[in-house]
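Each chain is listed here by its residues.
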Amino acid sequence: MQGIVTNIQRLCLHDGPGLRTTVFLKGCPLRCRWCHNPETQLIRPQPLVHTEKCLGCGACESACPQGCHRMEGVRFDSARCVFCLKCARVCPAGAIEICGETWEPGPLAEALVRDKPFFGESGGVTLSGGEPTMQADFVLALMDELRSRGVNAALETCGAFPKELLEDLLIRTDHFLWDVKDTDPKRHLQNTGYPLEPILENLRMACAAGADVCVRGIIINGVNAEREHARRLGALARDAGAKDVRLLRFHPYYSAKLVRIGRPGEAMGQEYMPSDETMADLEQAMRHEFSFRA
Amino acid sequence: MVQFRSAAGERPVRLSEETRLFAWESLNGKYGRELNASDHLTLSRKDTQGLSAYQIYDLLISKIAREAPVRVIPGEMLAGSATLKAASRHIIPVLYEDGEMIMPGVSHTTLGFDRVLREGIDRYEQRVRERLKQECTPKQREFLLSLLHVIDAMHVWHSRYMEAISDLEEREALKNVPFQPARSFREGLQSLWFTFSFTRLMGNWPGIGKIDRMLEKLYQADKASGRITEDQARELLAHFFIKGCEWVTLDVCGSGDGQHYQNIVLSGLDAEGHETAGDVTRLILEVVEELPIGDYPIAVRMRPDSPAWLMEMVARVMRHGSGVCSLYNENLVIKSLEEYHYPHEEAVEFANDGCWEVQIPGKTRFRYKPMDAYILLQRDVLHLFDKEKVDYPCFDDLLKACFDAMDKDMEKFHRMADSEYDQDRPAGVFALLEDGCIEKAKDYFGGGPVYNVYSPHYGGLPDMANALIAIRTAVYEQKILTLSEYVEILRRDWEGAEPFRRRQEALKGYFGNDSNEADELCGLLVKHFIDLARSVHIRNGILRPPGISTFGRQIDWKDCRGAHAQGKKSGEILSGNLNPAPGTDRETATAIIRSHCSADLSRLTCGTALDIKLDPSCARGEEGLAGIQALIRGFLALGGFFMQIDVIDNSVLLDAREHPEKYPTLAVRISGWSARFVTLDENWQRMIIERTAMGNL
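Residues numbered from 1 in each chain as written. Chains lettered and ligands numbered in written order. Predicted model: local features only at pLDDT ≥ 70, side-chain atom pairs only at ≥ 80, totals over all residues. Heavy atoms only, no water.

Draft legend 1. Expanded view of the overall build of chain A. If you tally the helices and strands in chain A, you get 11 helices and 10 strands. Computed over the C-alpha atoms, the radius of gyration of chain A is 20 Å, within 12% of the 19 Å expected from 2.2 N^0.38 for a compact globule of 294 residues. Taken along its principal axes, the extent of the C-alpha atoms in chain A is 65 × 45 × 35 Å. For chain A, the accessible area works out to roughly 12,600 Å², and carbon and sulfur atoms hold 51% of it. With 35 positive and 38 negative side-chain charges, chain A shows a separation of 3 Å between the mean positions of the two kinds. (Helix = DSSP H or I, 4+ residues; strand = E, 2+ residues; numbered from the N terminus. Rg over C-alpha atoms; globule rule 2.2 N^0.38 Å. Areas by Shrake-Rupley, 256 points an atom, 1.4 Å probe, with all protein chains shown as cover. Lys, Arg positive; Asp, Glu negative; His and termini not counted. Charge placed at Lys NZ, Arg CZ, Asp CG, Glu CD.)

Structural data, given as structure tokens:
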């Protein structure tokens, strides 16, 4: 069994309890307008162009059958890319990286637990993406491998997975970081291409089964940076029985990633990033609702 | 109100407003600049004509004690000062009229200040006089009499202070010490500062040692009898640190403006296996959490089972940057010393030489020899600087050539250690405070101390490993070119080979990325060096414990080295100590720690240092605190030796380089010491900026 991984990131302090190593898996059923990891959306390996390393030799331009690469203007446009990866193979300067490495669960677990001496009692490994459950069998096998090495596993999920999978996840996952992109069903569908309700149903079932769940909601100016959304998020986390709920701030720093995967111009700008005051205000509204018990 | 902040946030406020203001003035060079007016004293050549070396030494020490200006700063709680600025230049601050130095100072040893606190200098005088009654050669007698001169000079200096001080409490605290044993916490601290600043005034650079062990019992006794409160003790300790800034001028001076930057060592096990960290340890850490003082740097002795409060407190200090706090893995250090045949009761007393090189304080004469191992590869193995044809049929042959070059180099070191160790010059100020000198009637440089150490220190081993990896990949594995073609490219400094240079630079497996291949190779080089150093344990009475360091010498070495097989042109600053080279470490701090610890450092008795630079975003809040503790925990578990974590925002460093006036007190960790960033020269600033910042969000 093999999985496709975009990156392994060590020394992560905000991806679950303690110090963690996070593995980013490819593939996601959502297409969030603000996706911070757009290189993980596709489940297949794809070219990632680092223009700052380019020597301008034109080897990629010659090798690409689809004409995606140019030496002037927009250097890489992936609209017609067929993912043959010929460009990456011919680049002499290592400026085109293949994003998406194939791993077996055992060796991947071995790589992920290298920082075990730093994990202490609370730290461990976080599976992120993309949506890790897009590679469900691989994720379950990987979690088994981690457990056999005495390392706890956190799952960063958007909750968009078949409910039949939940039982298998519950017995293997120590912490869920459950990203609810929006609390307005219409907006959720519009901005992510995926309905909200199945996600919330999974969330409620997971909490009801006693899972350690932290609900997280991204706040984006002009999309959902409003008190009503914050209150609804607090309430749904409370009603589901989540252990905690947190707000995440949208930031525009992912625009460079879009350029690298050949989708320049899609980034949402600085104006979508909420201010400190907005975040504090929404945090208060959300926290008030979350801690309110009838 | 004076309040200090760092990139990680506001620093806590526990000290009085007066003390924080005193700190602010000191850090901004107010008192250091005052000393520019009293740089040195002068003698004419005829004053020293016909005198023996000891007579000259005695003359200089007495003159300083009599004539150096006495400085009493209103409001200060500790009396004493090293008021001749030339002392900061490692010379005895009495010069000939034409500006020529008469005698140099002494450094790289932590003196036995703890014994001064316990016994008082009068007892030392008694010991000297008793020894004089025994059989002595004329030379021994001259040395012992010189020690009495040093004690006389201390009395002169002390009496001048007693006359100058009007504050009754300050007079009371100074009255008995350092000549009598310290009877209270304040007397203890006063005794330590007076003795330390006296040795500094005389042009020496001694380390300070385990200050918390010296003071804890005195503090507890005072506290129990109601003579002192916790707040009062903290204020006194703060003054001790602020006095340590009395040479700060904020003038650019290579590796930082002149300062008292000698390490303090905190906590750790005693001979019975009890942890010594206590209230004084905590109060000291609270002082440096509040004040951005990198002088004195603090090295905390830690173990996986160190008290949780100590681990947390160290992390709290570290997250504010300034590089003030570093740590030893004391289990490993003690094991290493014992394995090097130091008795257990000596090994547990370890401190350092004022930087981080491990030694037994108050008993050691220490000298080290810095050597560039990487130049051996470039000069003797690859012949970059001559036209000799290079041909090693397989990688193992190339590696063996490296080992052979190291063999020759270390053989040379051992021969040199045999013949060049003794310097035969007077050093009574140091010798007085070193166990063994009085009893043997031998000076510091004449074999007096209990342990005489000449430590070979290699630098550039990670660069050697990286270059070998680059060559192995291109020549022996991928067979892109021959070794002689590769060497030709390096001789041309990569001219005409830019794509290949980039390719080599982009290789992923360099040291510092937790790559088994690089770590094993570097580990082999480290092991070979240790074996060579330890092949002679003691000869001619000289111990030779190995260490790995550069202490910033990678800056000077860059001009002697050629182009680098790992894709860098000549003139690049490469690795410091046993750290990855700038830019080659593409993983995080945990990967660097793993790489660093992959070699068996338990046999590296003199030690090595790992420098970790964290972005402030990794250090903020409770998560940041937990993260720093996790790094410490991992470092200890993986068998590291000594680690210094600095928290710096690179954008701030870049701004400080452009606008130094905005950042007068911004302190950074250099190697075994900290310095104000704006006082570093261009090369040193570049080295700090290029040190990789690590940590993910």
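Now that the structure has been shown, we can carry on.
Draft legend 2. Spotlight on the pattern of salt bridges. All names here are of chain A. Scanning all chains against the criterion turns up 83 salt bridges over all chains. For the salt bridge of D115 with R10, the shortest nitrogen-to-oxygen distance reads 2.8 Å. Of this pair, D115 sits in the loop between α3 (105–112) and α4 (116–119) while R10 sits in strand β1 (residues 3–12), and the two are 105 residues apart along the sequence. By relative accessible area, D115 is classed as buried at 0%. Since its relative accessible area comes to 8%, R10 is described here as buried. (Salt bridge = Lys/Arg side-chain N within 4 Å of Asp/Glu carboxyl O. Buried < 20%, exposed > 50% of the residue type's maximum accessible area, 1.4 Å probe, protein only.)

Draft legend 3. Focus on the pairing of strand β7 (residues 152–157) of chain A. Residue and element names in this part refer to chain A. Among the six residues of β7, six are classified as buried, and the element is accordingly described as predominantly covered. Burial along β7 is two-sided: N152, A154 and E156 and A153, L155 and T157, pointing in opposite directions, are all buried. Pairing between strand β6 (residues 124–128) and β7: four bridges, direction parallel. Paired with T126 across the two strands is A154, which belongs to β7. Each parallel crossover has a hand, and the one from β6 via helix α5 (residues 136–148) to β7 is right-handed. (Pairing = 2+ DSSP bridges. Right-handed = clockwise from strand over helix to strand, strands pointing away.)

Draft legend 4. Spatial organisation of the packing of aromatic side chains. For the structure shown, the criterion picks out 34 aromatic pairs over all chains. Judged by centre distance (6.3 Å) and plane angle (70°), the rings of A:F250 and A:Y272 are edge-to-face. Separated by 22 residues along the polypeptide, A:F250 in the loop between β10 (244–249) and α10 (255–260) and A:Y272 in the loop between α10 and α11 (276–291) bring together distant segments of the chain. Their ring planes at 50° and their centres at 5.7 Å tell us that B:W494 and B:F500 sit as a pair that is tilted. Here B:W494 falls in the buried class, since its relative accessible area comes to 2%. Members of the aromatic cluster, joined through ring pairs, are B:Y328, B:F350, B:W356, B:F366, B:Y368, B:F551 and B:F642. The lysine or arginine in question, B:R200, covers the ring of B:W205, its NZ or CZ lying 4.5 Å from the ring centre. Between B:R472 and the ring centre of B:F395, over which it is positioned, the NZ or CZ distance is 4.6 Å. (Phe/Tyr/Trp six-rings, centres within 6.5 Å; stacked < 30°, edge-to-face > 60°. Lys NZ or Arg CZ within 6 Å of the ring centre and 35° of its normal.)

Draft legend 5. The sheet that holds strand β5 (residues 101–103) of chain A, seen in detail. All names here are of chain A. The sheet built from eight strands is open, its strands ordered β5-β1-β2-β6-β7-β8-β9-β10 with mixed pairing. A strand with exactly one partner marks an edge of an open sheet, and here the two such strands are β5 and β10. On average, each strand axis in the sheet is tilted by 30° relative to the strand beside it, whichever way the strands run. In this sheet, β5 lies alongside β1 in antiparallel orientation, the contact comprising three bridges. Bridge pairing links V5 to E101 in β5. Each of β9 (213–219) and β10 is contacted by helix α9 (residues 227–240), which is oriented at about 170° to β9, the strand it contacts most. (Axes fitted to C-alpha atoms, helices over the stretch in contact; angles between N-to-C directions. Contact = heavy atoms within 4.5 Å.)

Draft legend 6. Layout of the interface of chain B and chain A. Taken together, the contact between chain B and chain A spans 28 residues of the former and 19 residues of the latter. Between chain B and chain A the total buried area reaches about 2,000 Å² when both faces are included, carbon and sulfur atoms providing 56% of it. Counting the contacts that link chain B with chain A gives three salt bridges. Across the pair A:R114 and B:D514 runs a salt bridge whose closest N-O atoms are separated by 2.6 Å. (Buried area = accessible area lost by both parts, 1.4 Å probe.)

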